[in-house]
Amino acid sequence: MSDLSPLRLDDGVRVLALTGAGVSAESGIPTFRDGNGLWESHRVEDVASPEGFARDPSLVWRFYSLRREAAASCAPNPGHRALAELEARLGERFLLATQNVDGLHRAAGNERLVEMHGNLFTTRCSGCDRPPFRDESLHFDAIPRCERCGAMLRPHIVWFGETLDPADLARIEDFIHESRGHRLVFLAAGTSGVVYPAAGLVEVCKRAGAETVLVNLEAPANVRAFDRVIEGRSGAVLPALFG
Ligand SMILES: NC(=O)c1ccc[n+]([C@@H]2O[C@H](COP(=O)([O-])OP(=O)(O)OC[C@H]3O[C@@H](n4cnc5c(N)ncnc54)[C@H](O)[C@@H]3O)[C@@H](O)[C@H]2O)c1
Ligand SMILES: [Zn+2]
């Protein structure tokens, strides 16, 4: 049984949290590797890569329409709410970097949030520089087109083979940099530790002197990098940890 004693959250502590698909599992959103039929019935490179989109954009839009539909019926769980309460308590001494695209952290109330892999309910144009926009629409038949330039619209998701937005990475790096001379806790939850650069953040934080804590159902690939590992469901562990 893992040690569930609360984190020491004294005055001045700064917390960088990193979440992955496991945090949304208890809301009913399947993780990447739990086959649920959605990821299982497709090859990742067909539905979540620029080459896949170039080959068959309507397949990609059907896939993301199913994901939009599924995520729209889900609500934040106690793990999301615990992170929102932590932000309310720490204010600018808190930052949440998430690999999730489901929007549940924002729905729970987190605003100091970096959605490193994009957002399921945001669309952008593949042709012009019009800014990405909120979009809940589903496209099972026709491929949506840009009203401004006529090019295909695409989900605002960082696909395999694409790079993260440098501004997002800079926000995370700045937070770590500003933590110099303060106590910094890096808290990862529900992430398998294999998708870079998110998986490398623990090492960056360690070099900056952070204490590193992991909450995950099972030991992930980069488990050795953590000072404290709590095996369990994030919906049960996170509320206890900040208690
Ligand atoms: N909810 C989402 O937005 C969503 C869902 C699936 C995939 N993705 C994308 O796929 C990639 C997958 O990488 P990843 O590391 O985020 O996910 P992953 O699926 O590779 O790993 C999830 C981890 O969470 C753990 N886990 C499962 N249920 C848990 C629970 N209740 N509490 C705590 N831990 C639990 C698993 O043991 C696993 O180690 C990411 O790039 C992400 O953008 C996002
Ligand atoms: Zn356009």
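Residues numbered from 1 in each chain as written. Chains lettered and ligands numbered in written order. Predicted model: local features only at pLDDT ≥ 70, side-chain atom pairs only at ≥ 80, totals over all residues. Heavy atoms only, no water.

Draft legend 1. Just the overall build of the chain, in detail. Counting its regular elements, the chain contains nine helices and nine strands. A globule of 243 residues ought to have a C-alpha radius of gyration of about 18 Å, and the chain, at 18 Å, matches this closely. Considered along the principal axes of its C-alpha atoms, the chain spans approximately 55 × 35 × 30 Å. Surface exposure of the chain reaches about 11,700 Å², of which carbon and sulfur atoms provide 50%. Of note, the chain has its 27 positive side-chain charges centred 2 Å away from the centre of its 33 negative side-chain charges. (Helix = DSSP H or I, 4+ residues; strand = E, 2+ residues; numbered from the N terminus. Rg over C-alpha atoms; globule rule 2.2 N^0.38 Å. Areas by Shrake-Rupley, 256 points an atom, 1.4 Å probe, with all protein chains shown as cover. Lys, Arg positive; Asp, Glu negative; His and termini not counted. Charge placed at Lys NZ, Arg CZ, Asp CG, Glu CD.)

Draft legend 2. Local environment of the coordination of the zinc ion (ligand 2). For the zinc ion (ligand 2), every protein donor is listed as Cys125 (SG), Cys128 (SG), Cys146 (SG) and Cys149 (SG), and the spread of their distances is 2.3 to 2.4 Å. Metal-centred angles of 98 to 116 degrees between the four donor atoms at the zinc ion (ligand 2) mark the site as tetrahedral. The sequence motif formed by the donor residues of the zinc ion (ligand 2) is C-x2-C-x17-C-x2-C. Since its relative accessible area comes to 24%, cysteine 128 is described here as partly exposed. (Donors = N, O, S within 2.8 Å, 3.2 Å for Na, K, Ca; no water. Tetrahedral: all angles 85-135°; square planar, octahedral: opposite > 155°, others 65-115°. Buried < 20%, exposed > 50% of the residue type's maximum accessible area, 1.4 Å probe, protein only.)

Draft legend 3. Representation of the layout of surface pockets in the model. One number sums up the size of the second largest pocket: a volume of about 310 Å³. Glu115, Gly118, His156, Asp165 and Asp168 are the residues nearest the centre of the second largest pocket, which is lined by 17 residues in total. Elements that contribute at least two residues to the lining of the second largest pocket include exactly β3 (113-115), β4 (118-125), β6 (153-157) and α7 (166-178). Residues belonging to the lining of the second largest pocket are distributed by class as follows: six nonpolar, four polar and seven charged. The residue makeup of the lining of the second largest pocket includes at least three contributed by each of domain 1 (1-29 + 76-117 + 164-243) and domain 2 (30-73 + 123-157). (1 Å grid on protein atoms, 1.4 Å probe; cavity = no way out; pocket = protein on both sides within 12 Å on 5 of 7 lines; lining within 4 Å. Points joined across faces, edges and corners; volume = space filled by probe spheres on them. Nonpolar A, V, L, I, M, F, W, Y, C, P; charged D, E, K, R; others polar. Domains from an automatic or database assignment.)

Draft legend 4. Spatial organisation of the sheet that holds strand β5 (residues 133-134). Strand order in this open sheet of three strands is β5-β4-β6, and the pairing throughout is antiparallel. The open sheet terminates on both sides in strands that have one partner only, identified here as β5 and β6. Two elements, β4 and β5, share two bridges in a ladder whose sense is antiparallel. Residue threonine 122 lies in a different strand from β5, and its bridge partner there is arginine 134. Against the sheet, helix α4 (residues 57-72) touches β4 and β6, its axis set at about 140 degrees to β4. (Pairing = 2+ DSSP bridges. Contact = heavy atoms within 4.5 Å. Axes fitted to C-alpha atoms, helices over the stretch in contact; angles between N-to-C directions.)

Draft legend 5. Local environment of the site of ligand 1. Neighbouring ligand 1 are 27 residues; Gln99, Val101, Asp102, His117 and Ser192 lie closest to it. Backbone polar atom of leucine 217 to a nitrogen atom of ligand 1: 3.2 Å apart, as the coordinates give it. A distance of 2.9 Å separates a nitrogen atom of ligand 1 from a polar backbone atom of serine 234. For ligand 1, whose unbound accessible area comes to 860 Å², protein coverage reaches 94%. A per-element tally of the shell around ligand 1 places helix α1 (residues 22-25) first, with three residues. Residues that form the shell around ligand 1 fall into these classes: eight nonpolar, 13 polar and six charged. The residues that make up the shell around ligand 1 include at least three from each of domain 1 (1-29 + 76-117 + 164-243) and domain 2 (30-73 + 123-157). (Near = heavy atom within 4 Å. Polar contact = N/O pair within 3.5 Å; in protein donor to acceptor, adjacent residues only side chain to side chain.)

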